[in-house]
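An overview of the molecular structure
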Amino acid sequence: MHKRFDHKEFEGKWQKEWKETGLYDAGTRDQNKDKEYVLVELPYPSGNLHIGHWYAFAVPDIYVRFRRMQGKQVVYPMGFDAFGLPAENAAIKRSINPREWTESNIEYMRTQLESMGNAFSWDKTTSTIDPAYYKWTQWMFGEFFKNDIAYRGEGVVNWCPHDHTVIANEQVLADGTCERCGTAIEKREMPQWKLRITNYADKLIDGLDGLDWPEHIKEAQRQWIGRSKGAEIDFKITTPQNTNVNISIKVFTTRPDTLFGVTYLVLAPEHSLVAELQTQIKNWDDVAAYVQAAKQKDDIERGDNTKEKTGVKLEGITAINPANGEEIPVYIADYVLGGYGTGAIMAVPAHDERDAAFADKFNLPVVSVITETAVLKNSAEFDGMSSEEAKIAITQKVGGQMTNTYRLRDWSIGRQRYWGVPIPIVYDPEGKAHVIPKEHLPWTLPEDVDFTPTGEPPLAKSVELKERTERIFGAGWTPELETMDTFVDSAWYFMRYMDNQNAETFASLESQKEWLPVDMYFGGAEHTTMHLLYSRFWQKALHTLGLVVHDEPYLRRANHGMILGPDGNKMSKSKGNVVDPDEQVKLVGADTVKMYLAFMGPYENSSYPWDPGGVTGLRRFLERVNGLDSHITDSKPTETTSLLHKTIKKVSDDIAEFKFNTAISAMMILMNHVEKSGLTHDSYLTFLRLLAPFAPHLTEELWHQAGNKTSIHSADFPISNPELAKDDSVTIGIQINGKMRGTITISPTASESDAMSAVASTPELAERISGAEIKKIIYVPGRILNIISGI
RNA sequence: GCUGGAGUGGUGGAAUGGUAUACACGUUCGACUCAAAAUCGAAUGCCGCAAGGCUUGAGGGUUCGAGUCCCUCCUCCAGCACCA
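Throughout what follows, the structure given in this document is the object of discussion. Keep in mind the model is a prediction, meaning the values are calculated, not measured.

1. Observations concerning the environment of Val 578
- Looking at where Val 578 falls in the secondary structure, it is placed in the loop between β23 (563-564) and α19 (581-588).
- For Val 578, a relative accessible area of 47% corresponds to the partly exposed category.
- A C-alpha to C-alpha distance of 8.5 Å links Val 578 and Leu 564, two positions 14 residues apart in sequence.
- Residue contacts for Val 578: discarding those within four places in its chain leaves Met 571, Ser 572 and Lys 573.

And the structure:
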């Protein structure tokens, strides 16, 4: 009969003990140890911990504890990303203050997080809504503004009509809807605060090479940035009134080698030249109608590449192909995008599918200039040149520029909402923007505000903000009314953790040198082209200003998947398939929930459905661990010793690769064995230390029951002895002519002739080869014996 | 369409080119019990009474030997996409 296993009894007890002794605090840097900074994405304090938080924080905790026990000075901080719309919406709905709502959520969520029993370094916590934190967010923005990394520019923005605010390109989903609320995004023309992430496009791509990140994440960022190499080429244009107007159209092309095949140009409908040429365009009414129609279309319609091409010829406008002097027509068409490249293309219908479709519809000539072997033809002096060489040669000849163009757009960070960091800008009576000096930071969020969204920023309603601005800066000065995108808040939080009390600077250079960069960053796949890209940019921007030591924030990264409902669907209240972690913890304990999540499959990339039966399996395992001390004996079978050391190696290797599932499986195999064969007291303690990162509460309890006075989590992780891990004998497969026919058990170092005689003394194998001529024997000691008999 | 990844039992999944299906769930049978739960023991890829044969999305190939490497194709997931 197993002894009592009551997780409620000891989990709370040990959590209290760990908290009181500050066991997991990172403290000051200990130069005798290697540091290891393990980071998880800081949560939004919604007020309720869900199973995804468990997956995101409790499973990496296995790695954290493992590295601690290996003697690293591990820091595993936790904090709160607490600005954002949910608080504001809750405030509107229940007429409460967003700050009060958020702070009480933080308080509650912290107790929930503590109930997970993770080795969080709570001494290094921070919260993005703390004025002592957002003071520095504002200060950094100011530095960026002074150095022209932040700017206010006119432009077309993504407007979410549901949330009444602008959102960044990264926050628009592929189907053109809002990442937050799913509403279809509208385009609006308005001035916007932006950050020049595009200036860092090359650095962001090139920096990926030095990072130990999974290739698919790097590739996703490369594609998001979307660098293409090509050339910008000017086409002079002529008009009826003035055959030699000094106007030209700049096009971007990745194929300057096909310049002799250009038979027309196409401008985006929104191209500025269209309006400029109004008086010269004979069919202006048709053109204007087309431009108007294009404006009405949303991105989804315009992005539909299956529909037939449309467009209008600009009658009276002619361009000159700089390669051969030929006059070619100019069109506008919505398949050319205003925001990419120069908003104008040279069309080569012979070598581009879209141009071909357009040429087909409008009966435009097609001139083939590239042979099947990628060599030029119909291209005057360039005939016979390779396509690659010609790209440079032709660009040079026509006075073009080799250049890169990017898919990435500047990051728009202004939000017409209340619950965020106020953009630290004031306008003088002439309307010129000025950064608020450091001595007036934090530039606090006013309290006298009505949050009801109207399309106008809520800060416009604050009398206090207006008065504050005039009092400090003078009469006629006005405050900026927008707040920042919350992705700004989370772009640099990992630095603040490591110097969270500093009132002089956001994080001293000493603290950066001591603790940064982040060694291991666990997080969700959804942040690949948002948070992860933004925060790399932020770091590089600070780096160019000399404010940070490192120019890449995160050395290693692993993306985890999602925990789905038992029905295999994403958990949602409407589907009624939500698993409540608090309930599960009550039922089976934190150790069981954590181990179940780790056991479902490899941690990286995959999503798994919650299986209530699977939880039972891990609970059973831990109950058996709880009773394992009844199997302690004095005898010491070598078989058990060997299995123990193999298991230590397997568990260590697997944790390092985040293959927690197979690590657990190895421990299960070991336990299945020792329950039958017994184990020594020493082996028992070794087993507990092996399991400690996975089941921190139970192992701590059993460790103390076994007479230890200090925490198991301060003990050393077991080290595998390769000598002791060796087996005396091993069962290997016997193949005859490549077919598996049986097994023999033999020493792993046995000779080929020993192996053959073992086969001869195994009747069913001997029978199969008797009388046959053996042509060849392949013997891999400890693995396989393959007998080729030629029959 | 492009890029990256994945297709293995009833389920989650395991396998440095070397005994495919570890471990766990589930199911079946048995023990314990008045009974049930819990627990313990046994069985469990498929076809077949058996001998035996077949099996890692499909088809080829390389190899003594392929889930693993190569080629062609199919399906699914993720990212990008009228990006010039």
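2. As for the sheet that holds strand β15 (residues 411-412)
- Taken in spatial order, the three strands make up an open sheet running β3-β7-β15, and their pairing is antiparallel. On the outer flanks of this sheet lie β3 (150-153) and β15, each paired with one strand and no other.
- Taken together, the two bridges between strand β7 (residues 192-195) and β15 define a ladder with antiparallel strand orientation. Bridge pairing in β15 links Leu 195 to Trp 411.

3. Description of the sheet that holds strand β6 (residues 186-189)
- Spatially, three strands are ordered β5-β4-β6 in an open sheet, and the strand pairing comes out antiparallel. What marks the edges here is a single partner per strand, and that holds for β5 (165-167) and β6. With strand direction ignored, the average angle separating the axes of adjacent strands in the sheet is 55 degrees.
- Pairing of strand β4 (residues 156-160) with β5 involves three bridges; the strand directions are antiparallel. Bridged to Asn 158 within β5 is Ile 167.

4. Concerning the pattern of salt bridges
- As enumerated under the stated definition, the model contains 39 salt bridges in all.
- A salt bridge links Asp 206 to Arg 227; its shortest N-O distance comes to 3.3 Å. Of this pair, Asp 206 sits in helix α7 (residues 201-206) while Arg 227 sits in the loop between α8 (215-225) and β8 (228-238); the two residues are 21 residues apart in sequence, bridging distant segments of the chain.
- Judged by relative accessible area, which is 30%, Arg 227 ranks as partly exposed.
- The salt bridge partner of Asp 653 is Lys 649, with a shortest N-O separation of 2.8 Å.

5. Quick notes on the protein's contact with RNA strand B
- Within the structure, RNA strand B sits among 51 residues, and Thr 254, Lys 309, Arg 354, Arg 407 and Arg 783 are positioned closest to it.
- A share of 61% of the atoms of RNA strand B within 4 Å of the protein falls on sugar and phosphate groups.
- Here a base nitrogen of RNA strand B sits 2.8 Å away from a polar atom, N or O, in the side chain of Gln 223.
- Contact distances for RNA strand B include 2.3 Å between a sugar or linking oxygen and a backbone N or O atom of Thr 254.
- Those elements that provide at least two residues to the surface near RNA strand B are α8, β9 (248-253), α21 (612-626), α23 (660-677), β25 (730-736), β26 (739-746), β27 (776-780) and β28 (784-788).
- Of all the elements, α23 adds the most residues to the surface near RNA strand B, at six residues.
- Across the surface near RNA strand B, the residue classes tally to 18 nonpolar, 18 polar and 15 charged.

6. Points about empty space enclosed by the protein
- Applying the stated criterion to the full structure yields one cavity of 30 Å³ or more.
- In this structure, the largest cavity spans a volume of roughly 40 Å³.
- As for the largest cavity, its lining consists of Ser 635, Lys 636, Pro 637, Thr 640, Thr 641, Gly 678, Leu 679, Thr 680 and Ser 683.
- Residue classes in the lining of the largest cavity are distributed as two nonpolar, six polar and one charged.

7. Topic: a negative patch on the surface
- Side chains of Glu 100, Glu 447, Asp 448, Glu 467 and Glu 470 sit close together on the surface and give a patch of like negative charge.
- Along the chain, the position of Asp 448 falls in the loop between β18 (433-435) and α14 (463-473).
- Residue Asp 448 is classed as partly exposed on the basis of its relative accessible area of 34%.

8. What about helix α5 (residues 98-114)?
- Taking 1.5 Å per residue, 17 residues should reach 24 Å; α5 reaches 24 Å between its end C-alpha atoms and fits that length.
- Three or more residues of α5 are buried, namely Pro 98, Arg 99, Trp 101, Thr 102, Asn 105, Ile 106, Met 109, Gln 112, Leu 113 and Glu 114.
- Residues of α5 that are buried in the fold lie against α1 (7-21), α2 (51-57), α4 (85-94), α6 (131-146) and α19.
- The distance from a side-chain oxygen at the start of α5 to the backbone nitrogen of Arg 99 is 2.6 Å, and the residue carrying that oxygen is Asn 97.

Quick notes on the rules
Residues numbered from 1 in each chain as written. Chains lettered and ligands numbered in written order. Predicted model: local features only at pLDDT ≥ 70, side-chain atom pairs only at ≥ 80, totals over all residues. Heavy atoms only, no water. Helix = DSSP H or I, 4+ residues; strand = E, 2+ residues; numbered from the N terminus. Buried < 20%, exposed > 50% of the residue type's maximum accessible area, 1.4 Å probe, protein only. Contact = heavy atoms within 4.5 Å. Pairing = 2+ DSSP bridges. Axes fitted to C-alpha atoms, helices over the stretch in contact; angles between N-to-C directions. Salt bridge = Lys/Arg side-chain N within 4 Å of Asp/Glu carboxyl O. Near = heavy atom within 4 Å. Polar contact = N/O pair within 3.5 Å; in protein donor to acceptor, adjacent residues only side chain to side chain. Nonpolar A, V, L, I, M, F, W, Y, C, P; charged D, E, K, R; others polar. 1 Å grid on protein atoms, 1.4 Å probe; cavity = no way out; pocket = protein on both sides within 12 Å on 5 of 7 lines; lining within 4 Å. Points joined across faces, edges and corners; volume = space filled by probe spheres on them. Patch = residues over 30% accessible without salt bridge, like charges linked within 9 Å, V, L, I, M, F, W, Y side chains within 5 Å. Areas by Shrake-Rupley, 256 points an atom, 1.4 Å probe, with all protein chains shown as cover. Lys, Arg positive; Asp, Glu negative; His and termini not counted. Charge placed at Lys NZ, Arg CZ, Asp CG, Glu CD. Expected span 1.5 Å × (residues − 1).

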